[in-house]
Amino acid sequence: MSELAEFAQELDRALDDLGHESGGAFCIVLVDRVEARRLIKAVLTGALDRLYVIQAIDSFIKRIGTASRRLAPRCVLCSKPFRPGKLPTVIAIIAGYIDAPSTGVMAGFCKICARRAGWPVGDWRRGLGAALLPELRHIWPDARLADPMQLCCDMPGRA
Ligand SMILES: [Zn+2]
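Residues numbered from 1 in each chain as written. Predicted model: local features only at pLDDT ≥ 70, side-chain atom pairs only at ≥ 80, totals over all residues.

Q: Can you help me understand the overall build of the protein chain in this one?
A: Along the backbone of the protein chain there are five helices and four strands. Radius of gyration (C-alpha) of the protein chain: 15 Å, near the 15 Å computed for a compact globule of 159 residues. Summarising its shape, the C-alpha atoms of the protein chain cover approximately 45 × 35 × 30 Å along the three principal directions. (Helix = DSSP H or I, 4+ residues; strand = E, 2+ residues; numbered from the N terminus. Rg over C-alpha atoms; globule rule 2.2 N^0.38 Å.)

Structure representation (structure tokens):
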């Protein structure tokens, strides 16, 4: 099986698991470098209880750093593999929309795909969320984003 087909299958399986937990309702947290910095600061100062988001991002980036090219995480839209010098521009944490999801799927967007969806200007989260929806619907035809405004962590001070 080709690397691409393997990647697609692995992603499908993971999204399938998430959807089973929530009946196809998903939430996505989208984090770019600026947001990651704000998150880390907010968690370190105790303003935000989102340590798991930072840990998830950290282990995703470590996986990119240590994985062989064949097994490296890929851009969820164009399948380009991420490498240590070519990290994702935006990282998505996808989980079932339930109170305590037992698992989540990490996905990365390369710079080209992120830009195509509007990053870094305006309401880029909405653009990336919309770009991800067809992927989710591929597994869950009725997949929906539970709350389009939840595309970011509920940061204090954010409108
Ligand atoms: Zn891409």
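Q: Mind showing me how you'd approach the pairing of strand 3 (residues 104-109) here?
A: Side-chain direction in a regular strand flips from residue to residue, so the side chains alternate between the two faces of the sheet. Counting buried positions along strand 3 gives five out of six residues, so the element sits mostly inside the fold. As judged from the six bridges shared by strand 2 (residues 90-96) and strand 3, these two strands associate in the antiparallel manner. Paired with Val 90 across the strands is Phe 109, a residue of strand 3. (Buried ≥ 20, exposed ≤ 12 C-beta atoms within 10 Å, placed from the backbone. Pairing = 2+ DSSP bridges.)

Q: Help me understand the packing of helix 2 (residues 33-44) against helix 3 (residues 51-66) in this model?
A: What describes two packed helices is the angle between their axes and the distance between those same axes. Viewed as axis vectors pointing N to C, helix 2 and helix 3 meet at an angle of 135°, and their least axial separation amounts to 9 Å. Judged on the interaxial angle alone, helix 3 and helix 2 are oblique. Relative to helix 3, the crossing made by helix 2 is left-handed. Note on element contacts: helix 3 touches helix 2 through Leu 51, Val 53, Ile 54 and Ile 57, opposite Ala 36, Leu 39, Ile 40 and Val 43. The residue inventory of the contact of helix 2 with helix 3, partitioned by class, reads eight nonpolar, no polar and no charged. (Axes fitted to C-alpha atoms, helices over the stretch in contact; angles between N-to-C directions. Parallel < 35°, antiparallel > 145°, perpendicular 65-115°, else oblique. Left-handed = near helix turned anticlockwise from the far one by under 90°. Contact = placed C-beta atoms within 7 Å. Nonpolar A, V, L, I, M, F, W, Y, C, P; charged D, E, K, R; others polar.)

Q: What's the story with the sheet that holds strand 2 in this structure? I'm lost.
A: Within the open sheet, the four strands sit side by side as 3-2-1-4. Their pairing is mixed. Among the strands making up the open sheet, the edge pair consists of strand 3 and strand 4 (144-145). Here strand 1 (residues 25-32) runs beside strand 4; their pairing, made up of two bridges, is parallel. Across the sheet, the residue bridging to Ala 25 is Arg 144, located in strand 4. Its contacts with the sheet put helix 1 (residues 3-22) on strand 1, strand 2 and strand 3, and the angle it makes with strand 2 is roughly 45°.

Q: Looking at this structure, how should I read the nonpolar core?
A: It is characteristic of soluble globular proteins that their nonpolar side chains tend to be buried jointly. Phe 26, Ile 28, Val 90, Ala 92, Ile 93, Ile 94 and Phe 109 are the most contacted members of the largest nonpolar core, which totals 37 residues. Of all the elements in the fold, those that place two or more residues in this core are helix 1, strand 1, helix 3, strand 2, strand 3, helix 4 (111-116) and helix 5 (124-139). (Core = buried A, V, L, I, M, F, W, Y, C linked by C-beta atoms within 7 Å.)

Q: Any chance you could explain the confidence of the model for the protein chain here in plain terms?
A: Predicted coordinates in regions of low pLDDT should not be interpreted in detail. Overall, the prediction assigns the protein chain a mean pLDDT of 84, with 91% of residues at 70 or greater. The least confident element of the protein chain, judged by mean pLDDT, is strand 4 at 76; the most confident is helix 4 at 96. Within the model, the stretch residues 155-159 combines pLDDT values under 50 with seven contacts to residues more than four positions away or in other chains. (pLDDT = per-residue confidence, 0-100.)

Q: What should I look at first to understand unusual backbone geometry in this one?
A: Leave glycine aside and you will find that most residues have negative phi; peptide bonds, for their part, are mostly trans. With an omega of 5°, the peptide bond running from Trp 119 to Pro 120 counts as cis. Mapped onto the elements of the fold, Pro 120 is located in the loop between helix 4 and helix 5. A positive phi is found at Ser 79, a non-glycine position, where the angle reads about 70°. Looking at where Ser 79 falls in the secondary structure, it is placed in the loop between helix 3 and strand 2. Residue classification places Ser 79 among the partly exposed residues on the basis of 14 C-beta atoms within 10 Å.

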